[in-house]
Amino acid sequence: MAERILILGAGHAGGVTAITLRELGFSGSILVVGDETHPPYERPSLSKDYLSGEAADPVWLAPAERWAELDVTLKLGAEAVAIDRDRGEVRLADGSVEAFDTLVLAMGGRVRRLPLPDHPAVRYLRTADDARAIAAEAKPGARALVVGGGVIGLEAASTLRGLGLTATVIEAGERLLGRNVPAEAAEWLAAAHARIGVDVRLGRSLQVLEDAADGAVLARLDDGSTVEADLIVVGIGIIPSTEIAEAAGLPVAGGVLVGDDYRSPADDRIFAVGDLAARVRDGAAARMETWAHAQTSARAAALAILGRPAEAEPTPWFWTAQCDHNLQILGDPTAGDAVVARGEAVRLYLRDGALVGAVCLDQPRDFATARRLMGKTLIAETASDPATDLRKAVAT
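Residues numbered from 1 in each chain as written. Predicted model: local features only at pLDDT ≥ 70, side-chain atom pairs only at ≥ 80, totals over all residues. Heavy atoms only, no water.

> Before we go on, may I ask you to explain the nonpolar core in this structure?
One broad rule of soluble globular proteins: the nonpolar side chains tend to lie buried together. Ranked by size, the top nonpolar core spans 52 residues in total, and within it Leu8, Val90, Leu103 and Leu105 carry the most contacts. Ranked by residue count, the leading element in this core is helix H8 (residues 291-305), at seven residues. Discounting residues that sit within four places of it in the chain, Leu8 has contacts with Val33, Ala80, Val90, Leu103, Val104, Leu105, Ala106, Met107 and Ile244. If you look at the next biggest cluster of nonpolar residues, it comprises 38 residues, including Ile134, Leu177, Phe318 and Leu361. (Core = buried A, V, L, I, M, F, W, Y, C linked by side-chain atoms within 4.5 Å. Buried < 20%, exposed > 50% of the residue type's maximum accessible area, 1.4 Å probe, protein only. Helix = DSSP H or I, 4+ residues; strand = E, 2+ residues; numbered from the N terminus. Contact = heavy atoms within 4.5 Å.)

Right, dumping it as structure tokens:
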């Protein structure tokens, strides 16, 4: 068994990996190296409660004293620059070297930047420091331009409206949330943003930023239109931090390739978890950037490191809170061959009659029930009645 476990990345997935290893009984050394100066925290609050100021701190994975109790060493503000697999070492930017018996890659990714020259009005949203910097400039009455109509951009727009700013969202795609939310559910949120006064412009991209009067910025879009803004928030995704893994000879494909146990096929001492992990299934590699996946991948890797049997994998899910609504997505709606409308705010996705996905807007009870019914065959007519307990729709 490994005696020295080195975790690169002090975010959600890296922190959960360390905690889980201790909870499962690992007694060797655990060192977590992270390039941020903060101890591990969860990211979902950054575009919501933390950005709004309702929460004074990010959601820490554990109190500071808990890390000491767990005997987990945090080396923060440190960047890993090279992996030496032959020597079992990682070199850091300050020239120091850390040895490992088992290495867990949990570096996540860096923000995808605009293909434009840097401008002082532009703020990217990925870290706690990013959120705090945006909050400092989010003055009531100011004009915000949000670039990106995905989860982060829309949550930020919703929060900024709540702080008293105007908000314009530009999205290059033809609809919002095009990457991971069914079209009808995306329309629900588009309508919610319209109700609170967010100006959403689809099929538009930012071309040029020019200084305007009174310190404002004039944003020119690809159709020739302009938006004047005091603050520009960018949320257009991340680029997985695969560079040092690839340089060390580990296979990558949009992320660090791993098997079902999150172990690299090239080196059984090395794992990747969270946003960075590209798991190979059915001949294709896919990453998941969700809170739930950070949790489940960390636990799966910890079990594999300790030689424990794998556990049944929970159905993937995620949520987004915007405009005083909570949208929850379960399973893989794209895998369905039929859609059951359960009232105005629930859609159930069936394949050959079996439940493979669901989207629920402000319907936590139906969502919780759907999680328990995944894979079961449903009677569509019964399931479509929101007045009937969804459990009664299971075919016997």
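The discussion continues.
> Quick question: what am I supposed to make of helix H9 (residues 364-373) here?
Since the α-helix advances by 3.6 residues per turn, residues separated by three or four positions end up pointing in the same direction. All of the buried residues along H9 are Asp366, Phe367, Thr369, Ala370 and Leu373. Seen along its axis, H9 keeps its buried residues to an arc of 165°; they face one direction. Pointing more than 90 degrees away from the buried face of H9 are the exposed residues Pro364, Arg365 and Arg372. The secondary structure elements touched by the buried residues of H9 are strand E25 (317-322), strand E26 (325-331), strand E28 (346-351) and strand E29 (354-361). Just downstream of H9 lies Gly375, where phi reads positive at about 90°. (Arc of directions from axis to C-beta.)

> Help me understand the pairing of strand E6 (residues 80-84) in this model?
Looking at chain direction, E6 and strand E7 (residues 89-92) are connected through four bridges and run antiparallel. Following the sheet pairing, Ile83 is matched in E7 by Val90. Hairpin remark: E6 followed by E7, antiparallel, with four residues in the connecting loop; positive phi at Gly88, about 65°. (Pairing = 2+ DSSP bridges.)

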